[in-house]
Amino acid sequence: RRRLAHLLASRNQDPWEELGLCETIELSTEWQPIGRRFRPTKSMDNARVYLDLGGEEGWVEVSDPIVGSPLFACHRMEIHDGAAAHFEAVEGALDAVRIRIDQLPTVSESAVQAVAGFMQLHEGRVYTLVFSARAHELRTIAVSVGLPRDPWIGLGLYEAAEVTTKWQTFRYRFHAPSNSEARLYFDLGQSPAAVEIGSIDLFEAQGRVHDVFTAEG
């Protein structure tokens, strides 16, 4: 049944001081990805991240807990049609980047693409992509998973998202059509407005996707 729990990070010994993460989360009867970014107040050496269940009766299942750096982040730009853009750091957002579009002669989705990572998809599996975004002004972006080489075909996900000036979390589910290497990227050439993207994660039924790789070029 649905219940509340507390997600915390603390020292793993007396005096058990908190280290920057203390948040109430709602659990349901369905598997759901839960991810939180936080800035540790002190070193995470000899630390623990845990769920406080508050003594409430019942059981909770947890799969694939991970503490560490994100596996996906916008790190590489692909520019077309005479456009120009660059990455900037986002103050106060540990794993987010700002994509500043310097010029956009032709409004085209693929004119500016921010690549967030590469992974192995497995045919028939259901994946859930989660990310957060905001923009300098209301604008559209698109997120896609596709083949990382010619013929650049899609691999189950291509969605447009309406981004506002406030942080929003977006979630999309898709089925992998085949066993294939894949590229996760954002099409940003619909508007010259700067956009910030972060907290990117990819999950399947059993937890976070780890089958990632780097690509040269």
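Just so we're clear, the structure is a prediction, and the values are computed from it rather than from any experiment.

## Comments concerning unusual backbone geometry
Here the amide bond leading from aspartate 14 into proline 15 is cis, since omega sits at 20°, within 30 degrees of zero. Considering the arrangement of structural elements, one finds proline 15 in the loop between strand E1 (3-11) and strand E2 (18-27). Residue proline 151 follows aspartate 150 across a cis peptide bond; omega there is 20°. Counting through the fold element by element, proline 151 comes out in the loop between strand E9 (139-146) and strand E10 (154-163).

## Examining the packing of aromatic side chains
Going through the model one piece at a time under the given rule, you end up with 4 aromatic pairs. Ring centres of tyrosine 127 and phenylalanine 174 lie 5.5 Å apart, and the angle between their planes is 20°; on these two criteria the pair is classed as stacked. Of this pair, tyrosine 127 sits in strand E8 (residues 126-135) while phenylalanine 174 sits in strand E11 (residues 168-175), and the two are 47 residues apart along the sequence. Under the relative-accessibility criterion, phenylalanine 174 is labelled buried at 2%. If you follow arginine 48 out to its NZ or CZ, it ends over the ring of tyrosine 50, 4.1 Å from the centre. For the cation-ring pair, arginine 183 lies above tyrosine 185, with the distance from its terminal atom to the ring centre recorded as 4.0 Å.

## Quick look at the sheet that holds E1
The strand order E2-E1-E3 describes an open sheet built from 3 strands, whose pairing is antiparallel. Edge positions in the sheet fall to E2 and strand E3 (47-52), since each of these pairs with one other strand and no more. Adjacent strand axes in the sheet meet at a mean angle of 15° when their direction is disregarded. When E1 meets E3, the two strands line up antiparallel, connected through 6 bridges. Note that in E3 the partner of serine 10 across the bridge is arginine 48.

## Here we look at the pattern of salt bridges
Taken as a whole, this structure holds 10 salt bridges when the rule is applied. Glutamate 88 serves as the salt-bridge partner of arginine 100, at 3.2 Å between the closest nitrogen and oxygen. Here the residue arginine 100 occupies a position in strand E6 (residues 97-103), and glutamate 88 occupies one in strand E5 (residues 84-89), the gap between them amounting to 12 residues. Looking at arginine 100, the relative accessible area reads 33%, which means it is partly exposed. When the shortest N-O distance is used, the salt bridge between glutamate 196 and arginine 134 registers 2.5 Å. Highlighted residues: glutamate 196 in strand E13 (residues 195-204) and arginine 134 in strand E8, separated in sequence by 62 residues. You can call glutamate 196 buried: its relative accessible area is 9%.

Conventions adopted
- Residues numbered from 1 in each chain as written.
- Predicted model: local features only at pLDDT ≥ 70, side-chain atom pairs only at ≥ 80, totals over all residues.
- Heavy atoms only, no water.
- Helix = DSSP H or I, 4+ residues; strand = E, 2+ residues; numbered from the N terminus.
- Phe/Tyr/Trp six-rings, centres within 6.5 Å; stacked < 30°, edge-to-face > 60°.
- Buried < 20%, exposed > 50% of the residue type's maximum accessible area, 1.4 Å probe, protein only.
- Lys NZ or Arg CZ within 6 Å of the ring centre and 35° of its normal.
- Pairing = 2+ DSSP bridges.
- Axes fitted to C-alpha atoms, helices over the stretch in contact; angles between N-to-C directions.
- Salt bridge = Lys/Arg side-chain N within 4 Å of Asp/Glu carboxyl O.

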